[in-house]
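Understanding the architecture of this molecule
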Amino acid sequence: MEILKIKESIFNKLIYLTLIFVSIFLVFYISPLTSGDTLHYDRQSDLLLKVGFIDYFKILLSTEFDKPFLLYLGTISYTALFKLIFKDLWQHFFITGNLILSFYIFYNLFKNFNDLVLAKLFFTFLFLFNIAQNVWNFYILGDTLYYFIISLIFFKILKNLSTNTPLTKDIIVIFVLSIFAIFTRPSGLFIIGFLIMLCIFLYIFEKKNNNSILNYIFIFIFFSFVTFAIFISIIAEKNFIFFESEFFSRIYEITTTGVVVDTDKLDKLYIIDMGNNGVLDYLYFFIFKFFYIFKFWTPYWSFTHNLVNFFIYIPLYLSFFYSVINFKNFSQVEKKKIILCVTLISSIAMFITLTILDYSFRLRLAIYCPMYFLLILNLNQIKAKIRNRFINFF
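Read on for a plain summary of the structure.

Conventions we followed
- Residues numbered from 1 in each chain as written.
- Predicted model: local features only at pLDDT ≥ 70, side-chain atom pairs only at ≥ 80, totals over all residues.
- Heavy atoms only, no water.
- Salt bridge = Lys/Arg side-chain N within 4 Å of Asp/Glu carboxyl O.
- Helix = DSSP H or I, 4+ residues; strand = E, 2+ residues; numbered from the N terminus.
- Buried < 20%, exposed > 50% of the residue type's maximum accessible area, 1.4 Å probe, protein only.
- Expected span 1.5 Å × (residues − 1).
- Contact = heavy atoms within 4.5 Å.
- Phe/Tyr/Trp six-rings, centres within 6.5 Å; stacked < 30°, edge-to-face > 60°.
- Lys NZ or Arg CZ within 6 Å of the ring centre and 35° of its normal.
- Core = buried A, V, L, I, M, F, W, Y, C linked by side-chain atoms within 4.5 Å.

Description of the pattern of salt bridges
Taken as a whole, this structure holds nine salt bridges when the rule is applied. Here E206 ties to K336 by a salt bridge, and the two come within 3.2 Å at their closest N and O atoms. Remark: K336 occurs in helix α15 (residues 332–354) and E206 occurs in helix α10 (residues 190–208); sequence separation between them is 130 residues. What makes K336 buried here is its relative accessible area of 12%.

Describing helix α4 (residues 73–86)
Taking 1.5 Å per residue as the helical rise, α4 with its 14 residues ought to reach 20 Å, and the 20 Å between its terminal C-alpha atoms agrees with that figure. Taken together, the buried positions of α4 are L73, T75, I76, Y78, T79, A80, F82 and K83. Where the residues of α4 are buried, they touch α2 (36–51), α3 (53–62), α5 (90–110) and α8 (143–162). Positive phi appears at K87, one or two residues downstream of α4, with a value of about 55 degrees.

Let's talk about the packing of aromatic side chains
Taken as a whole and assessed by the stated rule, the structure comprises 53 aromatic pairs. For the pair F110 and F113, a centre-to-centre distance of 6.0 Å together with 70 degrees between the ring planes defines the contact as edge-to-face. Under the relative-accessibility criterion, F110 is labelled buried at 2%. Between K335 and the ring centre of F327, over which it is positioned, the NZ or CZ distance is 5.8 Å.

A short note on the nonpolar core
Of all hydrophobic cores here, the largest spans 117 residues; its most connected members are L109, F123, F154, I157, F294 and I339. Looking at which element gives the most residues to this core, the answer is α8, with twelve residues. Apart from residues lying up to four places away in sequence, I339 is in contact with L198, F201, L202, F205, I213, L214, I217 and F327.

Worth remembering: the numbers are spatial, not functional.
Structure below.
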């Protein structure tokens, strides 16, 4: 057994070294990528370095903007840090920093395996070739940092559930990380709803010990969409205006016109017919958009891209459904972890459904960590079942 443990340790190190060497190679092979938002972070980080953090923060609080840079302060500060330390080479080290954050996520997922060599290789393949996840490591954007912070919150809660420690004991850590997430990008606001939902569902599960708790989550999602459909139909009919805000006006326009994928690129814009803009039309829109978020192929991605996505996403989605269907056969601690994963995935998808879905699908980036964890949890359980049947057979 000691020899097996040594061999397993060597195998794990080989996996880690492989990822590190691949990352180093890619840093030199792929030049830093930029998008329209990169220019904003570049200019704002320059301003931060010029006036200092305190004065820059005062500017954010006292100035009117077209873009809410306060909610991107984490990304701007992250960018400024690399400029300050690495000067002209900051973009390459920015990418290196992203890859280190990504490796941290991989490592914290990987260590949950129970001595499964083939399963570890399978997971490594899925993680390494997930284009939709890893491409953002090479952009001068805050997506990887945001993904990292959400993953930290996930791993922290996961540890509490594993040790049966109440979340209230680490509420300060979770609160601070949540603030970082919110002020790294606005989509981090979903974390408020996620934490409320998680506390409610875990409380119900612990009090009732009900194996139907996942059904409650899905019912909650459905009736949330019903509520929003009624709400938006009343606003549209009565022409109420609750917020004088460009953002809320845009959300209202997107919803009432049936925009599923919002972009200024006409070949990637996706709109559905909203019928008479009644309650059922809005409900259909929300449900359709919710499931569309999990789509892994598009006509504007290459055949190879879509094919790779097929081999990455199908195992992850099958694993998700296996966890839901097989929920009652997991241990109590494992059930809580599944509730955590399903709640995190659902809350991210709900937030995107009620706000904006970009054609690149990058806003769903944070769902991959809980998806991978469910896969690991399922593979560990399947291995345990096979081992027990093998022992019983003999």
